[in-house]
Every structure is written in structure tokens, then in C-alpha cells.
Amino acid sequence: MSSHHPPLTCDQFKAVLSKLGFVRRPKKSGTSHEDWVATINGQFRKVTVDCPKAPFSPDLISSMAKQAGVTKKEIYRLHFEK
């Protein structure tokens, strides 16, 4: 696994979603999934985060980035940004 694209923990990924303007919807009972939602450039986006699958692999990060309407590269840029 590349050190440039390491796995991300659930908290790390949720921090990136927050930077993108996403907020967590109230959790539905009986599921480990969290829905994070935002309206970006007039388009509604929903990202499903399943914390028990963390740390998230680069492939899963790519999939969640696509749900968010950004690239994996953007996710990592925001993660490493201080």
C-alpha cells in the first residue's frame, strides 16, 4: 500500500467530509451505516460511511469520494492539509 494513499480511519474520513461541508444525518436504529449529506454546487450528495469497515482501503475511499462528488486525490489533499 502506498504511503501517499494510506488507509484512513473512520474519524479521519469524517473529518474530510466535514471540511467538504457534509453533515451527519441522524442515525437510523439497527445499522452501522452513517449517512453524511450536503448540497454542493446545487446538487444533493449523500455519502454512506460504514465505520466497522475502517480503516478504509484506497478502493473504498475512491467509492466514497465518488459519492461525495470529488476525487480520491481531493480526499487525501484535504486529509493532509494542516
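Here goes a summary of the coordinates provided. Because the structure is predicted, anything quoted here is derived from the model rather than measured. (Residues numbered from 1 in each chain as written. Predicted model: local features only at pLDDT ≥ 70, side-chain atom pairs only at ≥ 80, totals over all residues. Heavy atoms only, no water.)

Some points on the nonpolar core
Counted only if it meets this: Take the buried Ala, Val, Leu, Ile, Met, Phe, Trp, Tyr and Cys residues and link them wherever side-chain atoms come within 4.5 Å; each set so joined is a nonpolar core. The classification of residues rests on relative accessible area computed with a 1.4 Å probe and restricted to protein chains. Under 20% of the type maximum is buried, over 50% is exposed, and intermediate values are partly exposed. Only DSSP runs of H or I covering at least 4 residues are called helices, and only runs of E covering at least 2 are called strands; the numbering of each starts at the N terminus. Pairs of residues are marked as contacts when any of their non-hydrogen atoms sit within 4.5 Å.
With 19 residues, the main nonpolar core has Phe13, Leu17, Phe22, Val47, Val49 and Ile75 as its most contacted residues. When residues of this core are traced back to their parent elements, those giving at least two are α1 (10-19), β2 (33-40), β3 (43-50), α2 (58-68) and α3 (72-80). Those residues in contact with Val47 that sit more than four places away from it in its chain are Phe13, Leu17, Phe22, Glu34, Asp35, Trp36, Met64, Gln67 and Ala68.

Re unusual backbone geometry
Following Ala54, the chain continues into Pro55 via a peptide bond in cis, with omega recorded as 0°. In this fold, Pro55 is placed in the loop between β3 and α2. In the Ramachandran plot, Asn41 falls in the positive-phi region, its phi being about 50° despite a non-glycine side chain. Relative to the helices and strands, Asn41 is located in the loop between β2 and β3.

Let's talk about α2
Let me state the cut-off plainly: What the arc describes is the spread of directions from the helix axis to the C-beta atoms.
The complete set of buried residues in α2 reads Pro58, Ile61, Met64, Ala65 and Ala68. For α2, the arc enclosing every buried residue in end-on projection is 120°, short of the 170-degree limit, so these residues lie on one face. When the buried face of α2 is taken as reference, the exposed residues oriented beyond 90 degrees from it are Asp59 and Lys66. Within two residues after α2, Gly69 carries a phi angle of roughly 85°, on the positive side.

Details of the pairing of β2
Defined as follows: Should DSSP find at least two bridges between two strands, the strands are regarded as paired.
Pairing analysis gives two bridges linking strand β1 (residues 23-24) to β2, with the strands arranged antiparallel. Bridging across to β2, Arg24 finds its partner in Trp36. Strand direction decides the pairing type here: β2 and β3, joined by eight bridges, are antiparallel. Its bridge partner lying in β3, Glu34 is registered against Val49. Where β2 hands over to β3, the hairpin turn is made up of two residues, of which Asn41 adopts a positive phi near 50°.

Details of the pattern of salt bridges
When the charged atoms of two side chains with opposite charge come close together, those side chains can pair. For the record, the criterion: Salt bridges, as used here, are contacts in which a Lys or Arg side-chain nitrogen is within 4 Å of a carboxyl oxygen on Asp or Glu.
The final tally for this structure, using the stated rule, is four salt bridges. Measuring nitrogen to oxygen at the nearest pair gives 3.4 Å for the salt bridge that ties Lys14 to Glu34. One end of the pair, Lys14, is in helix α1; the other, Glu34, is in strand β2, and 20 residues separate them in sequence. Under the relative-accessibility criterion, Glu34 is labelled buried at 8%. The residue Glu34 makes a salt bridge to Arg24 at a minimum N-O spacing of 3.9 Å. Remark: Arg24 occurs in strand β1 and Glu34 occurs in strand β2; sequence separation between them is 10 residues. Note on Arg24: relative accessible area 44%, which makes it partly exposed. Residues participating in the shared-partner salt-bridge network are Lys14, Arg24 and Glu34.

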